[in-house]
Amino acid sequence: MAASYGTVERSGRHHERKDIELQENGHYPLEKPRKPLTLTQSVIEWFKSRDGWPWLVVLSVAGIILCTPRPSTVKFEGWVLLAIFLATIVGAVVRPGGLGLGPLCIMAVAIACSTRCLSIQAALKDLGTKHLWLVVMAFFISRALTKSRLAFRIARALTNAAGSGSPLVLAYCFVVAEFLLSPLIPSVTARTGSIIFPLVIGIGIERDPDGSRCISSFLTLSAFQASAISSSMFVTAMAGNPIVQEFANQELRKLSSPLVTPLNWALGAIVPGIIGLLLTPLLIYVLHRPQLRDKWLVEKADKEASEGRRLDGKAVEELYRQAGSERVKTALFKDTLRDLVQSRGDVEGRARDKMNDLIGDKVPKKRTNVKWGRSGLGRWTYKEKFTMTTVVLMLFAWIADGKIPGFHMDPTTTAFAGVSVLILGRVLTWNDVISDTSAWSTLIWLAILSGLANALKAAGVIGFFSDKISSLFLASNMGSDTGFAVLTGIYVYAHYFFASCSAQMISMYNAFLSVACTLGSNPLGSALLLGYASNLMGGLTHYASGAAPVLFGKGYVDLFEWWRIGFVATSLNLLIFLFVGLPWMRFLGLF
């Protein structure tokens, strides 16, 4: 019995040790199983998790709107649509369950149509609008410029002209290009999305291995904000400006006031516009400072140094191998490696020699069939020449539209024709078109947001807020200048509820101009400043203007950063136009 008992005891200790080993290897849980949670406890635990709180925020926004008493002038369906619209926008920022704007918009349509607050026809009506398809065509034109490598050639020439290649200098190059093209091309989508942005992509791919928080994101934000400012400076710089001009002149004729003309529009905007174009890149540089060193390479070198390894020839070769073929081509990697070798390289010079072997400018031994120009990209290829010819013809069509007697070609038609020619010339293939997920994703969410915004207007929501603001201002005792400044601010920030500048111009411009005139503001000056504000608000969000979805769709800038920079930059430009532009217009006799 004693032997048997001892055997059992040893066997028990063996199983204990086995259990401990299994636990340490992760086969058994180290803790006892938890008791099953009740339904209420499960819901609370889920909301406490990382995936739960964003849904709580989204549902709270919708719940607050629905619990707020509905105005009598707004339909019940419109009030529910407002809750859905705001919840969708907030959801795009907090990303519940990791969902982006596209899936959230599809869910918004499902809820709105299932609750019979919106018909499916009304929700999807904007899928056929020409402005939306111009955005999609801009994606394809941008793809052709990068695929043919024409964007890289022009970007290299631009960086050579910029001299130092500083991100701030490059940003000002795009600002100047935007300013010069704005009075000639009346479509901001065609101008910024199809011409300027492909050059940003070209510089980004050549100089920037990671995109985010480096040169690509900085240049994207700078070009986007410059497009909003330049659009405000000329009547011909944005498709909605002639609409504003007509609305303003209808009201000004009733008041026997001087009318808005292309000349006084440009004169009133030229000084505050140029100041805005000069200051905005500096502001973005401070708020979104681009990294001028390859962060991956610096971290690797720091890790090697912390382990006591020297930066010699073998270490440089190993870093080069780990970086991969795409990263080592970028100027950011090369510049960072040069700095590291110069500051940390071995005294024998092996690191410097190895670096020169790996990233030195090598000229091929056989050069008989290749002419190397200043760009370093060799002779022009067939695709580059074909793409350049097509883009020049598109530029001519965009500029000449309505300016040459008998010639009229809608910008969207021109874009469709250009993409067709690029397909026929084998620069683009059908697979390139259907595989551009950014273009088709943008088409979906932008069409749905635009449909929801139009439905809010039809249900009386936009009219209610416009009338409410008008009555509050008329009942206040604000001075004309103070009242007009506050009124303009409300007009600009109301653009968060619109997916198009033109849509807000049509919905709210007349009402706000009438209120401004009633407050005692100069009619012509008020009409002009509200017209400028109608373009400045295009820098607020990633759906604020036609160019915004194109630039945002590339993915260089995350949504929160886009909205943060958009709010600050738009606020800065609004203050410039109010506190610099208003005195300037008084000096000219326009206010």
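Keep in mind it's a predicted model, so treat the numbers as computed, not measured. (Residues numbered from 1 in each chain as written. Predicted model: local features only at pLDDT ≥ 70, side-chain atom pairs only at ≥ 80, totals over all residues. Heavy atoms only, no water.)

Draft legend 1. Layout of the environment of Val80. Summarising the element assignment, Val80 is placed in helix H4 (residues 76–94). Under the relative-accessibility criterion, Val80 is labelled buried at 13%. Separated by 18 residues in sequence, Val80 and Ala62 place their C-alpha atoms 8.4 Å apart. For Val80, the residues in contact, after removing those within four places along its chain, are Leu66 and Cys117. (Helix = DSSP H or I, 4+ residues; strand = E, 2+ residues; numbered from the N terminus. Buried < 20%, exposed > 50% of the residue type's maximum accessible area, 1.4 Å probe, protein only. Contact = heavy atoms within 4.5 Å.)

Draft legend 2. Quick peek at the pattern of salt bridges. Scanning all chains against the criterion turns up nine salt bridges. A salt bridge links Arg143 to Asp432; the nearest nitrogen and oxygen atoms lie 3.7 Å apart. Of this pair, Arg143 sits in helix H7 (residues 130–147) while Asp432 sits in helix H20 (residues 430–434), and the two are 289 residues apart along the sequence. With a relative accessible area of 27%, Arg143 lands in the partly exposed category. As a salt-bridge pair, Glu384 and Arg153 come within 3.0 Å of each other at their nearest N and O atoms. (Salt bridge = Lys/Arg side-chain N within 4 Å of Asp/Glu carboxyl O.)

Draft legend 3. View of unusual backbone geometry. With phi around 60 degrees, Arg116 is a residue other than glycine that occupies positive phi space. Residues other than glycine seldom take positive phi values, yet Arg426 does so here, at roughly 65 degrees. Exposure remark for Arg426: the relative accessible area of 64% places this residue in the exposed category.

Draft legend 4. Just the confidence of the model for the protein, in detail. When pLDDT is averaged along the protein, the result is 81, and 85% of the positions lie at 70 or above. Predicted confidence is poor over residues 1–10, with pLDDT under 50, and the contacts of this stretch with residues over four places away or in other chains come to zero contacts. Scored below 50 in pLDDT, residues 361–375 shows 11 contacts in the model against residues more than four places distant or in partner chains. (pLDDT = per-residue confidence, 0-100.)

Draft legend 5. Local environment of the packing of H7 against helix H18 (residues 382–400). Direction vectors running N to C along H7 and H18 enclose 145 degrees, while the axes themselves pass 9 Å from each other. Considering how the two elements wind past one another, H7 and H18 form a crossing that is left-handed. Contacts between H7 and H18 involve Ile141, Ala144, Leu145 and Lys147 on the former and, on the latter, Lys383, Thr387, Val391, Met394 and Trp398. Along the lines of polarity and charge, the residues of the contact of H7 with H18 split into six nonpolar, one polar and two charged. (Axes fitted to C-alpha atoms, helices over the stretch in contact; angles between N-to-C directions. Left-handed = near helix turned anticlockwise from the far one by under 90°. Nonpolar A, V, L, I, M, F, W, Y, C, P; charged D, E, K, R; others polar.)

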